[in-house]
Amino acid sequence: MDHPLRSYDIRQSNEKLVLKMLFDHASISQSHIVHQTGLKAPTVYRIFSKLEKAGFIEPCRNEDVPEDMIPPERKGRRPSFYRVVSSSAYALGVDFSSLGVAVILVDFRNNVIFRENQEFAAGPDRGQILTVIEKMIRRALDKTGIATEAILGIALAAPGVVNTEEGFVQEYPRITDLERFPLREHFGAIFGVPVFVHNNAAVIASSAFRYGAARNSGSLLALLVRSGIGGALINQGQIFLSGASTALEVGRTTLEVGSWDDLAKDRRPLEARVAEIPLLQRLQERFPLSSWTEAGQGLSLEEVEDVLQEEQLLFGAALRNMVHLLNPEALLVMSRFRLLSDFLARAAERAVPHKKVISLVYDPVQACYGATDIVFQQFFRVIPGE
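Everything numeric here is computed off the predicted structure, so don't read it as measured data.

Conventions adopted
Every chain begins its residue count from 1, and numbering advances along the sequence as written. Since the coordinates come from a predicted model, pLDDT governs what is reported: local features require at least 70, and pairs of side-chain atoms require 80 or more to be given and counted, while whole-chain, interface and lining totals use all residues. Neither water nor hydrogens contribute to the side-chain values; these are computed over all heavy atoms in the structure. The domain limits used here are those given by an automatic or database domain assignment. Contacts are assigned to residue pairs with any non-hydrogen atoms lying within 4.5 Å of each other. Summed over both partners, the accessible area (1.4 Å probe) lost when two parts come together is defined as the buried area. We count a salt bridge whenever a side-chain nitrogen from Lys or Arg sits within 4 Å of a carboxyl oxygen from Asp or Glu. Any pair of N or O atoms that falls within 3.5 Å is considered a polar contact. Within protein, one atom must be able to donate a hydrogen and the other to accept it, and sequence-neighbouring residues count only if both atoms are side-chain atoms. Think of it this way: any DSSP run of H or I at least four residues long counts as a helix, any run of E at least two long counts as a strand, and we number them from the N terminus. Residue polarity is assigned by list, with Asp, Glu, Lys and Arg as charged and Ala, Val, Leu, Ile, Met, Phe, Trp, Tyr, Cys and Pro as nonpolar; anything else, Gly included, falls into the polar class. By this definition, two strands are paired if DSSP reports at least two bridges between them. For helices, the fitted axis covers only the stretch in contact; all axes are lines through C-alpha atoms, and the angles between them, taken along N-to-C directions, range from 0 to 180 degrees. Angle categories are assigned with fixed cut-offs, so that under 35 degrees is roughly parallel, over 145 is roughly antiparallel, 65 to 115 is roughly perpendicular, and the rest are oblique.

A.B. asks: When you look at the domain arrangement of the chain in this model, what are you seeing that I'm missing?
C.D. replies: Accessible area lost during the coming together of the parts is what is often quoted as the interface size. According to the domain assignment, the chain contains domain 1 (13-84), domain 2 (90-202 + 367-380) and domain 3 (215-362). Centre-to-centre, using C-alpha coordinates, domain 1 lies 33 Å away from domain 2. Facing eight residues of domain 1, the contacting portion of domain 2 comprises six residues. On the domain 1 side of the interface with domain 2, the three residues burying the most area are Lys16, Phe23 and Val84, jointly 64% of the side's total. Applying the counting rule to domain 1 against domain 2 returns one salt bridge. Here glutamate 58 and arginine 109 are joined by a salt bridge, their closest N and O atoms 2.9 Å apart. At the junction of domain 1 and domain 2, the tally comes to three residue pairs in polar contact (both at pLDDT 80 or more). Mapped by element, the contributors of at least two residues to the side of domain 1 that touches domain 2 are α1 (7-24) and β3 (81-84). Here the element with the most residues in the side of domain 1 that touches domain 2 is α1; it accounts for four residues. Residue composition of the side of domain 1 that touches domain 2, by class: four nonpolar, no polar and four charged.

Structure representation (structure tokens):
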């Protein structure tokens, strides 16, 4: 439902606008905000006073102000610069899949003050996943001494097709009984803070778009190859959603069809040929390898391409189809291993030579960082009428 803006909404909107500008800059003055927002100086002064009294912002020391922010010498009083107080609020980010769990805790200046990563030797069920996530979040709070009241929210970067509106994983068969389990309500009830659930390929793509190698791109198509192939589209900083769900499950793409029955039952999806395990198994037919780590230590990219020519072509074809549909400015290809990422990126470069291709080794902490960004985005969001 659309709500008319009320005077309270406008005040809240202005306050969040100013606080977000302070959050986005190492330091900024009232005059900068007046100039950049068009708000009247008394309004900005009032908001600064309120935010400082609430403990969200504090004056900067002169040495903490970047040189390019200081105006040239002129008559009159030099403007006072402010910054957010790092200890005024915090966000928790969680990344999980059938392969492991990672948790980070960041302060209000986006500094990581706690991180932990745990891998699984065998595929866990839902109960194991939930227990590990809860224990790691409690450990983050205990070791840092942060009270839950100071946490703005928890964002879960989850695998598979995710319903972001209702907060559950819609499709992901690799963790037993995970599908449609109410993750948002579960962890919200435990910790008493807002919980957001999003796809892990999407949050790491968003992080790369905002802070990493893809930050100069207007739009970004990201593919994450692990046990399957997840995808995400970032357009002008926003994660593309199909309705309420993340929808780019690239691994389910069918490129080889033997019959209508095969097609209806997804018997020959791309991820059956192009994913960590099937690609490693093909390499093992030629080389005595036990893991992708060993492959990275002993094989060249050319040797891998020689064995996996057909798989590389299949991946390139799927990618080219997606580029025709979505027309992103850049492509981000990720896996957990440098050799595999480079192999996939080479396929992308050949399939769509006119696009910028970025090869990245998947970092669960970086995925968590993208998740905490979602917490901050939701905190600064203003919904009229609420």
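A.B. asks: What exactly am I supposed to notice about the sheet that holds strand β2 (residues 57-59) here?
C.D. replies: Two orientations exist for strands paired in a sheet by backbone hydrogen bonds: parallel and antiparallel. Overall, antiparallel pairing links the three strands, which are arranged β1-β3-β2 in an open sheet. The open sheet terminates on both sides in strands that have one partner only, identified here as β1 (28-29) and β2. As judged from the three bridges shared by β2 and β3, these two strands associate in the antiparallel manner. Across the sheet, the residue bridging to isoleucine 57 is valine 84, located in β3. Against the sheet, helix α3 (residues 41-53) contacts β1, β2 and β3, and its axis sits at roughly 105° relative to β2.

A.B. asks: Mind showing me how you'd approach the packing of helix α6 (residues 200-211) against helix α13 (residues 364-380) here?
C.D. replies: In a packed pair of helices, the relevant descriptors are the angle between the two axes and the axis-to-axis distance. Between α6 and α13, the shortest axis-to-axis distance is 7 Å and the interhelical angle comes to 80°. Classed by the angle they form, the pair α6 and α13 counts as roughly perpendicular. Within the contact between the two elements, α6 uses Val203, Ile204, Ser206, Ser207, Arg210 and Tyr211 and α13 uses Gln366, Ala367, Tyr369, Gly370, Ala371, Asp373, Ile374 and Gln377. When its residues are assigned to classes, the contact of α6 with α13 shows seven nonpolar, five polar and two charged.

A.B. asks: Quick question: what am I supposed to make of the pattern of salt bridges here?
C.D. replies: It is possible for side chains of opposite charge to pair when their charged atoms get near one another. Going through the model one piece at a time under the given rule, you end up with 19 salt bridges. Residue glutamate 311 pairs with arginine 273 through a salt bridge whose shortest N-O separation is 3.5 Å. One end of the pair, glutamate 311, is in helix α11 (residues 309-326); the other, arginine 273, is in the loop between α7 (260-264) and α8 (276-284), with 38 residues separating them in the sequence. When salt bridges with common partners are traced through the structure, they connect Arg273, Arg282, Glu285, Glu310 and Glu311 into a single cluster.

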